Amino acid sequence: MKMQEHEIEKKIRSISADQYMEIIKLARAAKKNSAKKADIKVAVIGTCSLQYFVMVLKVILLKYGISAEIYEGQYDGINMEVFDRASALYCFQPDVVIVLSDYRDIKEFPSLFDTNDAVDSYIKKNGEYYSEMWDRLSEIKGCHILQANLVTPVERVLGNLESGVYYSRRIFYQLLNIEMTKRKRKNVTIIDMEYLASIAGKDKWFDRKSYFMNKLPFSLEQIGIVCDVFAQQIAELKGKIKKCLVLDLDNTLWGGVVADEGPLGIQTDPNQAEGEAYLEFQKYILELKNRGVILGVISKNDYETAKEPFDKNENMILKYDDFSAFIANWENKAKNIEAMANELNIGTDSFVFFDDNPAEREIVKMYHPEVTVIEVPENIAEYVTALERAHPFDWLNITKEDISRTESYVSNSARKTLQIQFKDYQEYLKALEMESEVGPLDKNNLERFTQLINKSNQFNLRTQRYSEGTISQMTSSPDYRLLTVKLSDKFSKFGIISCIILKKEESECFIDTWVMSCRVLKRDVEKLVFNHIVKEAVNWKCERITGEYIPTVKNKLVKNLLPELGFELIETDDTGKERYSCSVELAKYNKTMIKER
Amino acid sequence: MNIKETLEKIFRDVFEDEDIILTESTTAEDIEDWDSLTHIQLIEEIEQEFKIKFTLQEITGLKNVGEFITLVERKLSN
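Residues numbered from 1 in each chain as written. Chains lettered and ligands numbered in written order. Predicted model: local features only at pLDDT ≥ 70, side-chain atom pairs only at ≥ 80, totals over all residues. Heavy atoms only, no water.

Focus: the overall build of chain A
- If you tally the helices and strands in chain A, you get 24 helices and 18 strands.
- Looking at chain A residue by residue over its 597 residues, the buried ones come to 54%.
- At a minimum sequence separation of 6, the contacts of chain A that also span at least 24 residues come to 71%.
- When the accessible surface of chain A is summed, it comes to about 28000 Å², and 49% of that surface belongs to carbon and sulfur atoms.
- The average position of the 82 basic charges and that of the 92 acidic charges among the side chains of chain A differ by 4 Å. (Helix = DSSP H or I, 4+ residues; strand = E, 2+ residues; numbered from the N terminus. Buried < 20%, exposed > 50% of the residue type's maximum accessible area, 1.4 Å probe, protein only. Contact = heavy atoms within 4.5 Å. Areas by Shrake-Rupley, 256 points an atom, 1.4 Å probe, with all protein chains shown as cover. Lys, Arg positive; Asp, Glu negative; His and termini not counted. Charge placed at Lys NZ, Arg CZ, Asp CG, Glu CD.)

And the structure:
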């Protein structure tokens, strides 16, 4: 039975890198497959046996959506192939050359009692070998080199003294690895095999039997994990770069559910094991942000509830402003990922999704196979290692722009920076280049309209809740006008951020509902909306506009909204409900910095 | 399942060929994909299945499936 490439691709996606037997089987199947047109040409050269590496790399690349043509170098062929410009390697014209160097390549070492200077010059000499090799390979046009560093062996002839004297072999290998890093050219990426081996544990890494029998440089068990690291770098070269880490909140950044336990009741106590583990995770995330990873939150929560711990819980290491995008609502997370991609203006394929809930992970995997979904362990102590093992942010290099990028993507922070530049607030609003679209409720937006009306607590004049059915009925009644307001600025597309329900009551236009998302406060959206309310009142030939403020625990924000727009207070009842009125004729037109479409 | 049947299962799995039938005299010549690489894979699978570890000298001397079976029997009885 022959498996098609896309079937293999689908299967390989669901296999974890340590299931090496499964991977090898798929690799064998992929090998027999007549490859479709290759996206990239990869040459693998080395001193040990390369067959397994080449076979498995090919199939793991499929996991990243890359179809590769791979050149398998000759056994122990590095010198022969690199330093002969007429070799098959040069004829192949690879885009990427993988150099699998091995500690066994080194045949000469410093002698006992060599001075430090002698050792250093030895290192330099060996380093020059790598430089020369890279120079030669760079003659292949546009070629990028993935250079494996040396895994220091288990043997220590001098025992513990190997770390006690500078002329030891162990120190020599270590210095040589550092020398490679120092000398690396722009088109060279060092692959840290020494690290991979240390994670596996060297007793497991080296399989001596397989080496003697087949010259395998490391145990077959590691083949998937190793190839995955190389494949990811190749994916990066092809522009498949992960930039943004999307996090859940409850039981991911803190223990427990904030809606149940409150912002102070959640587990973030540094003096308790569990709390400490969550805080460690937060610290790690913060360090990711500081090195240029964009952070986002997608949480099934009310926005206000989700945000509260960041404002009120002093144990929290991550602050609200560390996140470039913060989505807390009741939408499914696959949809929210799209919304976030829009907001941040990056592709969903640059997302890494971290959520403790397997159901959420499943839905994201299903709708967005391009998103890297981390298999989050149940054990919170392993959160950091789970992210490390998946190494999604293995960038080819890091630039100062990467670091500043997190800042510029932090839309809110960016707006704040902008704010500092402008002394005049109006000037700032102007620089935001806001655009708005106000219009009657479109059927497609019924869900969002209902959601905003039923979820808004702060900017909500009367806190009337309506079902989707009721709202739908209103749209077909001549006595109701339902308006939606969309907003975007140079940083973000906010979508629908305000909803209004107007009701004609004889010669009065009554503001039944007026809600707005708090994300767009202080931008004069309310003034713009008022202009439209007046327009509707004129269309209805009403004389007055009436409105009410019904106080709740949460809506103090809009207590002065109506008087500030020029309404007069006409009545206050004993529940605190205030009734306002405004003449249509005298209503003033508000100028704003928002361009209307 | 006796040792031969278990080996057969592993061989079928590794070579992805349900038609493989092992006899004591089966050698690498008889199975198309049985090369030095698949040999390592076979060894790994057999070691895992029977929870045994072969020495280098044990596996380099194997001539046919019969010897494989004898070797596994001996390791298991130790």
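Looking at the sheet that holds strand S18 (residues 595-596) of chain A
Residues and elements named next belong to chain A.
- With respect to topology, eight strands assemble into an open sheet ordered S16-S17-S15-S14-S13-S12-S11-S18, the strand pairing being mixed. Two strands bound the open sheet, and with one partner strand each, they are strand S16 (568-572) and S18.
- Note that S16 and strand S17 (residues 578-583) share four bridges and pair antiparallel. In the strand pairing of S17, Glu 571 is matched with Arg 579. (Pairing = 2+ DSSP bridges.)

Some details on the interface of chain B and chain A
- Counting residues at the interface gives 18 residues for chain B, matched by 17 residues for chain A.
- Summed over both partners, the interface of chain B with chain A comes to about 1700 Å²; 56% of that surface belongs to carbon and sulfur atoms.
- Summed over the three residues of chain B that lose the most area to chain A, namely Leu 37, Ile 40 and Gln 41 of chain B, the buried surface amounts to 36% of that side.
- The tally of links between chain B and chain A comes to two salt bridges.
- A salt bridge links Glu 47 of chain B to Lys 209 of chain A; the nearest nitrogen and oxygen atoms lie 2.5 Å apart.
- The interface formed by chain B and chain A contains nine residue pairs in polar contact (both at pLDDT 80 or more).
- When residues of the side of chain B that touches chain A are traced back to their parent elements, those giving at least two are helix H1 (3-15), helix H2 (36-50) and helix H3 (56-60) of chain B.
- With nine residues, H2 of chain B is the single largest residue contributor to the side of chain B that touches chain A. (Buried area = accessible area lost by both parts, 1.4 Å probe. Salt bridge = Lys/Arg side-chain N within 4 Å of Asp/Glu carboxyl O. Polar contact = N/O pair within 3.5 Å; in protein donor to acceptor, adjacent residues only side chain to side chain.)

What about the domain arrangement of chain A?
All names here are of chain A.
- The domain architecture assigned to chain A consists of domain 1 (5-237), domain 2 (244-413) and domain 3 (433-596).
- Distance from the C-alpha centre of domain 2 to the C-alpha centre of domain 3: 33 Å.
- Counting residues at the interface gives seven residues for domain 2 and eight residues for domain 3.
- Across the domain 2/domain 3 interface, buried area totals approximately 820 Å², and carbon plus sulfur atoms make up 43% of it. (Domains from an automatic or database assignment.)

With respect to the sheet that holds strand S1 (residues 40-46) of chain A
All names here are of chain A.
- The sheet built from five strands is open, its strands ordered S2-S1-S3-S4-S5 with parallel pairing. In the strand order of this sheet, the two ends are held by strand S2 (68-72) and strand S5 (188-191), each with one partner. Neighbour-to-neighbour, the strand axes of this sheet turn through a mean angle of 20°, independent of strand direction.
- Direction of pairing for S1 relative to strand S3 (residues 96-100): parallel, over a ladder of five bridges. (Axes fitted to C-alpha atoms, helices over the stretch in contact; angles between N-to-C directions.)

A few points about the pattern of salt bridges
All names here are of chain A.
- Under the criterion given, the structure shown has 39 salt bridges over all chains.
- A salt bridge links Lys 333 to Asp 355, with the shortest nitrogen-to-oxygen separation between them at 2.7 Å. Of the two residues, Lys 333 sits in helix H15 (residues 333-344) while Asp 355 sits in the loop between strand S9 (351-354) and helix H16 (358-367), which places them 22 residues apart along the sequence.
- Classification of Lys 333 as buried rests on a relative accessible area of 2%.
- Glu 536 is paired through a salt bridge with Arg 481; the nearest N and O atoms lie 2.8 Å apart. Within this pair, whereas Glu 536 is found in helix H23 (residues 525-539), its partner Arg 481 is found in strand S12 (residues 480-488), the two being separated by 55 residues in sequence.
- Glu 536 gets classed as buried once you look at its relative accessible area, which sits at 8%.

So, empty space enclosed by the protein
Residue and element names in this part refer to chain A.
- Evaluated as defined, the whole model comprises four cavities of 30 Å³ or more.
- Roughly 100 Å³ of volume is contained in the largest cavity.
- As for the largest cavity, its lining consists of Leu 100, Ser 101, Asp 102, Tyr 103, Asn 149, Leu 150, Val 151, Met 193, Trp 205, Phe 206, Pro 217 and Phe 218.
- When its volume is computed, the second largest cavity comes out at roughly 80 Å³. (1 Å grid on protein atoms, 1.4 Å probe; cavity = no way out; pocket = protein on both sides within 12 Å on 5 of 7 lines; lining within 4 Å. Points joined across faces, edges and corners; volume = space filled by probe spheres on them.)

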